[in-house]
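So the chains spell out like this:
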Amino acid sequence: MGFKEKILTKSIYAFHVSSGSCNNCDIEILDCLTPRFDLERFGIVLVGSVKHADVLLCTGSTNTLCVPRIKQLYEDMPKPGFVVAWGACGSSRGMFKDSYNTGAPLDEIIPVDIYIPGCPPKPEAVIAGIKKLLDKVNSGK
Amino acid sequence: MKAFEYLFQFLVFPGFLFSAAVGLLAGWVDRLLTARVQWRKGPPWYQNFADVIKLLFYKETVIPAKVSKVIFLGMPLLALAGATLVSTAILVINASPKASFLGDLIVIVYLLMIPAISLMLGGFASRNPLASLGASREMKLMLSYELPFIIAVLVPVIKSGYAIKLGDIIMSQSVNGHIIGSASGAISFVVMLLCVQAKLGYAPFDIAEAETEIMAGVYIEYSGKALGIFKLVKAVMLFVLPVLMIILYFGGIASDAEGFVRNIFQYILILALIVVIKNTNPRVRVDQAMGFFWGPVTVLAMISVALAYLGW
Ligand code: SF4
């Protein structure tokens, strides 16, 4: 683990992309920043602009209308950047799999680095997922 | 040889490296206190350093299509140069008051505006509606706080026998006692604190970069190195403005150990006041900010000038 990986894992700016989620996952993102879990102690903050982001937190069932926007946001994110598929919907469209307006799961639209399962994921699952992400960055990929 | 000395003073001590390092640490104190106020644990001490190093060296800088590259990328550098010049100037003058020249206080008041102006121009240059909105808010905010700020600066000037020289203000305080001790000094200190709050862009005056309404406002299109430099500007300002207040109201940075420890406590006190104001107040609208600064705060500043004129 070199200096670069160390810095990249110590400071993570997360940007929240919601593509037709039921809002539970979005609330759960905010939950992780509250006093009990406090992700800021690992250097994780939520930013308002995708140009500042290191990580895209993608929630929701990626409906057809959102697909070009997700692609654009992914291209706008300065590299190196990572993508987290958040919740059952983000990982695989969840229960909206056979819906008329959800064409493809997230990982067929943009490259996804890690998946956080759950509907919505508990903060514990989120922290386990973040650990996976950090390991992935550390391994230098 | 003189040129190298100046260059060293500007780039290393007491200029860029020193003030940025202290400012980033102060920024951590700010984040830690904020976290404690909200009953959280808060980030580790190196957090701001990690953020800035990441942005400066390891992230891509995305330049939006069709922007003027010179203005878009030049403005962060101009802001950094302005802020660093102030920190160099006030600390060099503080160390040797003879280096002070007539009107240096006016120069410093002008230089302190450069970061805000370049932020504004950078926001307008980034061709983003939210950035333009943020920049126009920044402009209105600047118009509102500059007036009481300049009036408040007059009090130390009057108190030290109409000296528009930082060196003379420091000297006269070592003879006549600190300006904060007098009634007019205390009032103008409060005015100055509110203006510093707005100059730093902290809540309740963070209208130019309101995360929840206009995302990051003027910073919205900045990424990578340019954003990192703006973070450094914020750090330098967080160092410079309280130090300027210490010089104007507490008699400057002392050279003996005891006085220096007292200075550190004064710095932390000012920082803590700023952070507590930031955490206990909701964001105001731009018209409210303007009304606040041009109304009660300016009146307060004028009262303090009148009191100083009468010798209180
Ligand atoms: S995963 Fe569950 S909680 Fe999250 S958006 Fe989908 S349905 Fe809602």
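As a starting point, this report considers the structure included with it. (Residues numbered from 1 in each chain as written. Chains lettered and ligands numbered in written order. Predicted model: local features only at pLDDT ≥ 70, side-chain atom pairs only at ≥ 80, totals over all residues. Heavy atoms only, no water.)

1. Notes on the site of the ligand
All names here are of chain A.
- As a structural note, the neighbourhood of the ligand is formed by S21, C22, N24, C25, A88, C89, G118, C119 and P120.
- Contributing elements (two or more residues each) for the shell around the ligand: α2 (24-31) and α4 (87-92).
- When its residues are assigned to classes, the shell around the ligand shows six nonpolar, three polar and no charged. (Near = heavy atom within 4 Å. Helix = DSSP H or I, 4+ residues; strand = E, 2+ residues; numbered from the N terminus. Nonpolar A, V, L, I, M, F, W, Y, C, P; charged D, E, K, R; others polar.)

2. Description of the packing of aromatic side chains
Residue and element names in this part refer to chain B.
- Overall, the coordinates contain twelve aromatic pairs over all chains when judged by the stated rule.
- Measuring from ring centre to ring centre gives 6.1 Å for F205 and F292, while their planes differ by 25°; the resulting arrangement is stacked. Of this pair, F205 sits in the loop between α8 (183-200) and α9 (211-214) while F292 is found in helix α12 (residues 286-310), placing the two residues 87 residues apart along the sequence.
- Assessed through its relative accessible area of 4%, F205 is described here as buried.
- With a relative accessible area of 31%, F292 lands in the partly exposed category. (Phe/Tyr/Trp six-rings, centres within 6.5 Å; stacked < 30°, edge-to-face > 60°. Buried < 20%, exposed > 50% of the residue type's maximum accessible area, 1.4 Å probe, protein only.)

3. Section: the pattern of salt bridges
- Counted by the stated rule, this structure contains 14 salt bridges over all chains.
- Of the charged contacts, one joins B:E258 and B:R262 as a salt bridge, the two residues approaching to 3.2 Å between their closest N and O atoms. Separated by four residues within a single helix, B:E258 and B:R262 lie in helix α11 (residues 257-280), roughly one turn from each other.
- A single salt-bridge network, built from bridges that share partners, covers A:D38, A:E40, B:R31, B:R40 and B:D51. (Salt bridge = Lys/Arg side-chain N within 4 Å of Asp/Glu carboxyl O.)

4. Remarks on empty space enclosed by the protein
Residue and element names in this part refer to chain A.
- Counting across every chain of the model gives two cavities of 30 Å³ or more.
- For the largest cavity, the calculated volume is near 130 Å³.
- Around the largest cavity sit 15 residues that line it, and A14, L39, I44, L57 and I130 are the ones nearest its centre.
- Contributions of two or more residues to the lining of the largest cavity are made by β1 (12-18), β2 (44-46), β3 (55-59) and α5 (123-138).
- The residue inventory of the lining of the largest cavity, partitioned by class, reads 15 nonpolar, no polar and no charged.
- Of the voids in this model, the second largest cavity is the one considered here, and its volume is about 70 Å³.
- Lining the second largest cavity, in full, are L8, T9, S11, I12, D54, V55, P80, F82, L133, L134 and V137.
- Contributions of two or more residues to the lining of the second largest cavity are made by α1 (3-10) and α5.
- The element that contributes the greatest number of residues to the lining of the second largest cavity is α5, accounting for three residues.
- The residue makeup of the lining of the second largest cavity, split by class, is eight nonpolar, two polar and one charged. (1 Å grid on protein atoms, 1.4 Å probe; cavity = no way out; pocket = protein on both sides within 12 Å on 5 of 7 lines; lining within 4 Å. Points joined across faces, edges and corners; volume = space filled by probe spheres on them.)

5. Topic: the environment of B:Y162
Residues and elements named next belong to chain B.
- Tracing the chain through its elements places Y162 in the loop between α6 (129-159) and α7 (166-176).
- Sequence separation of Y162 and A135 is 27 residues, and the distance between their C-alpha atoms is 36 Å.
- Sequence-distant contacts of Y162, defined by excluding residues within four places in its chain, comprise V157 and Y309. (Contact = heavy atoms within 4.5 Å.)

6. Considerations on the sheet that holds β3(A)
Residues and elements named next belong to chain A.
- Spatial strand order, β2-β1-β3-β4-β5: five strands in an open sheet with parallel pairing. Of all the strands in the sheet, the pair left with one neighbour each is β2 and β5 (114-116). With direction set aside, neighbouring strand axes in the sheet form an average angle of 30°.
- Here β3 pairs with strand β4 (residues 82-86) via four bridges, running parallel. (Pairing = 2+ DSSP bridges. Axes fitted to C-alpha atoms, helices over the stretch in contact; angles between N-to-C directions.)

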